[in-house]
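The lines below spell out each chain.
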Amino acid sequence: NAGVTQTPKFQVLKTGQSMTLQCAQDMNHEYMSWYRQDPGMGLRLIHYSVGAGITDQGEVPNGYNVSRSTTEDFPLRLLSAAPSQTSVYFCASSIGDSSGRSDTQYFGPGTRLTVL
Amino acid sequence: AQSVTQLGSHVSVSEGALVLLRCNYSSSVPPYLFWYVQYPNQGLQLLLKYTSAATLVKGINGFEAEFKKSETSFHLTKPSAHMSDAAEYFCAVSKGGATNKLIFGTGTLLAVQP
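What counts and what doesn't
Residues numbered from 1 in each chain as written. Chains lettered and ligands numbered in written order. Predicted model: local features only at pLDDT ≥ 70, side-chain atom pairs only at ≥ 80, totals over all residues. Heavy atoms only, no water. Helix = DSSP H or I, 4+ residues; strand = E, 2+ residues; numbered from the N terminus. Buried < 20%, exposed > 50% of the residue type's maximum accessible area, 1.4 Å probe, protein only. Pairing = 2+ DSSP bridges. Axes fitted to C-alpha atoms, helices over the stretch in contact; angles between N-to-C directions. Disulfide = S-S within 2.5 Å.

### Concerning unusual backbone geometry
Part 1: Across the junction of Thr7(A) and Pro8(A), the peptide omega takes the value -5°, indicating a cis bond.
Part 2: Residue Asn41(B) is not a glycine yet carries a positive backbone phi of 60°.
Part 3: One can find Asn41(B) in the loop between β4 (33–38) and β5 (44–50).
Part 4: On the basis of relative accessible area, Asn41(B) is assigned to the exposed category, the value being 69%.
Part 5: Non-glycine residue Thr72(B) carries a positive phi angle of around 45°.
Part 6: By secondary structure assignment, the location of Thr72(B) is in the loop between β7 (64–68) and β8 (73–78).

Structure, rendered in structure tokens:
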């Protein structure tokens, strides 16, 4: 049971390039989320999904796309990278109970992205 | 709307001293509250969570937190700090609705001095 895995661990992009951050979980969790972590700002929600085929925007969705074709995978796409997207990105998953508010979210190890 | 405020971005304690990390919340619905810990270059790990059962919540590694509705607080404590407790700690509130979105505080970096 690997939990939540993220690839790559590190990535350097040039402004305007696109890329996909991968996230996978093997716990059969319904809920998955993407956060970015910036110094002094904590973690902010980018996009989330409550099940395969269902996604929605979080606090800071601009410049990012997601899709959820399977329960296991939730990739995050940067369409045209900008220096403001330099950050550490975390993927998280949770079971998804009837309310969804008290679930424990399990976090991946993160992807450190630098945009030059 | 929900929000979380963590007082003190840096806290330093001596080994063996009391650890107190402060968290105040704002929520228009009964809150579900969480404390997460992040060790250097790692992801976040759940320490404990409040889900409207007992107001005093015990977590891993000897940490506990008390939910005080009258003070809108959920402070994290540990009676005796250990060097291994040095990490960044995040308080979070679950945003209303069935979608399990977390609103995080800005974090408190705990340093433990020998």
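### Side note on the sheet that holds strand β6 (residues 56–58) of chain B
Residues and elements named next belong to chain B.
Part 1: Judged by pairing direction, the sheet is antiparallel, and its five strands sit side by side in the order β1-β3-β8-β7-β6 without closing on themselves. Every other strand in the sheet has two partners, leaving β1 (3–7) and β6 as the edge strands with one partner each. Each adjacent strand pair in this sheet contributes to an overall mean axis angle of 20°, direction not counted.
Part 2: Of the strand pairs in this sheet, β6 and β7 are connected by three bridges, and their pairing is antiparallel. Considered in β7, the bridge of Leu56 is made with Glu66.

### Details of the environment of Tyr35(A)
Part 1: If you trace the backbone, Tyr35(A) turns up in strand β4 (residues 31–38).
Part 2: Each C-alpha atom of the pair Tyr35(A) and Ala82(A) lies 17 Å from the other, and the pair is 47 residues apart in sequence.

### Here's the deal with the pairing of β4(A)
All names here are of chain A.
Part 1: With eight of eight residues buried, β4 is to be regarded as a mostly interior element.
Part 2: Here β4 shows two buried faces, one formed by Tyr31, Ser33, Tyr35 and Gln37 and the other by Met32, Trp34, Arg36 and Asp38.
Part 3: When β4 meets strand β5 (residues 42–51), the two strands line up antiparallel, connected through seven bridges. When the sheet's bridge partners are listed, Ser33 is paired in β5 with Tyr48.

### Structural notes on the state of the cysteines
Part 1: Evaluated as defined, the whole model comprises two disulfides over all chains.
Part 2: Linked covalently through their sulfurs, Cys23(A) and Cys91(A) form a disulfide whose S-S length is 1.8 Å. The chirality of the disulfide connecting Cys23(A) with Cys91(A) is left-handed, given an S-S dihedral of about -70°. One end of the pair, Cys23(A), is in strand β3 (residues 19–25); the other, Cys91(A), is in strand β9 (residues 87–94), with 68 residues separating them in the sequence.
Part 3: With relative accessibility at 0%, the residue Cys91(A) sits in the buried group.
Part 4: Each sulfur of the disulfide joining Cys23(B) and Cys91(B) lies 2.0 Å from the other. Looking down the S-S bond of the Cys23(B) and Cys91(B) bridge, the torsion is -65°, so its handedness is left-handed. Highlighted residues: Cys23(B) in strand β3 (residues 19–26) and Cys91(B) in strand β9 (residues 87–94), separated in sequence by 68 residues. Both residues of the pair, Cys23(B) and Cys91(B), belong to the buried class.

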